[in-house]
Amino acid sequence: MKEFKGLSASPGIAIGRVCVYNIDIYRNLPTYNISEQEVEDEKTRLAEAVKKAEEALLRMKDVSRKLFGAEGAEIINAHMAMLRDKGLRTRIADRIRSEKINAEHAVVDVFDEYIEKIASNADHFEELTHDIKDVRDRIVESFDTVHGSFACPVGEKSPVIVVSERLTPSMIFSIEPGNILAFITSQGGFTAHAAILARALNVPVIFGIDVNKHLDCHCEVIADG
């Protein structure tokens, strides 16, 4: 039996099959150049995607309050505030115009610059970047061109140990709670919003393990948080 050591963000022990959840938007992100005449169309696509992301968050707010109490609703409010940041949306629209690139590409470029700036300021801001990435991915997914999902159908219909590069609030909200035995991720932290939500579900969370290297769908594991 192989043993891998990480860090615990939520205690508990779970035994079950692994199912990999992919949230790597870069893998299939459409990137292409546009003409001057197409700039306004891409800005419209951006506005529609942001609106769709906001509507999805609003639908999640009542669910999160029931599952996680006031803390869950506060996390949704924090993500909503980022979505409604006019300065951020203006920078994305300006990037579409100046670089002549499609809206998805511009969203990722602007958010990644912001993430890099936050992460470089101090170590204790690193966990904030996970929430920023979650908002970025929610907008990108709202274009209906890229989606986070399980790598196999097992995780959609039965309890599994969810394995992913990182844990996000969107993942937790999108997976049936009864199908979550534990989370194992490469990135994470004890105070990250997603870890707080997972603790409310009373499921183990272990981070700091190279999941891409060591874990695949259908592996049988014991997750000891």
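Keep in mind it's a predicted model, so treat the numbers as computed, not measured.

Definitions and cut-offs
- Residues numbered from 1 in each chain as written.
- Predicted model: local features only at pLDDT ≥ 70, side-chain atom pairs only at ≥ 80, totals over all residues.
- Heavy atoms only, no water.
- Salt bridge = Lys/Arg side-chain N within 4 Å of Asp/Glu carboxyl O.
- Helix = DSSP H or I, 4+ residues; strand = E, 2+ residues; numbered from the N terminus.
- Buried < 20%, exposed > 50% of the residue type's maximum accessible area, 1.4 Å probe, protein only.
- 1 Å grid on protein atoms, 1.4 Å probe; cavity = no way out; pocket = protein on both sides within 12 Å on 5 of 7 lines; lining within 4 Å.
- Points joined across faces, edges and corners; volume = space filled by probe spheres on them.
- Nonpolar A, V, L, I, M, F, W, Y, C, P; charged D, E, K, R; others polar.

### As for the pattern of salt bridges
In total, this model carries 11 salt bridges according to the counting rule given. The closest approach of N and O atoms between E54 and R89, which form a salt bridge, is 3.6 Å. Placement of the pair is E54 in helix α1 (residues 39-68) and R89 in helix α3 (residues 86-99), with a sequence separation of 35 residues. A relative accessible area of 31% places R89 in the partly exposed class. Among the ionic pairs, R136 bridges to D112, the shortest N-O distance being 2.7 Å. Here R136, found in helix α5 (residues 128-141), pairs with D112, found in helix α4 (residues 103-121); they are 24 residues apart in sequence, far enough to count as distant. Bridged by salt links that share partners, the residues D112, R136, D137 and R166 form one connected network.

### Some words on empty space enclosed by the protein
Take a probe with the size of a water molecule and roll it over the atoms, and the empty space left behind shows itself. Tallied over the full model, the rule gives two cavities of 30 Å³ or more. One number sums up the size of the largest cavity: a volume of about 70 Å³. Along its surface, the largest cavity is lined by 13 residues, and L167, Q187, G188, G189 and A195 are the ones closest to its centre. Put simply, the parts of the chain that give the lining of the largest cavity at least two residues each are α8 (193-200) and β6 (205-207). The residue inventory of the lining of the largest cavity, partitioned by class, reads seven nonpolar, five polar and one charged. Size it by volume and the second largest cavity reaches roughly 40 Å³. In terms of lining residues, the second largest cavity is bounded by L46, V50, M82, L83, L88, R89, I92, F111 and I139. The set of elements that each furnish at least two residues to the lining of the second largest cavity consists of α1, α2 (70-83) and α3. By residue number, the principal contributor to the lining of the second largest cavity is α3, which donates three residues.

### Here we look at the layout of surface pockets
Considering only enclosed or pocket space, the largest pocket measures out at about 540 Å³ in volume. For the largest pocket, the lining is made up of 20 residues, of which K2, E3, F4, V221 and I222 are closest to its centre. Listed by contribution, the elements that provide at least two residues to the lining of the largest pocket are β1 (7-10) and β7 (220-224). Per-element tally for the lining of the largest pocket: the top contributor is β7, with five residues. The class makeup of the residues in the lining of the largest pocket is 12 nonpolar, three polar and five charged. Its boundaries defined by the atoms lining it, the second largest pocket holds a volume of some 330 Å³. Taken together, the elements giving at least two residues each to the lining of the second largest pocket come down to α1, α5 and α7 (169-174).

That is the geometry; function is a separate question.
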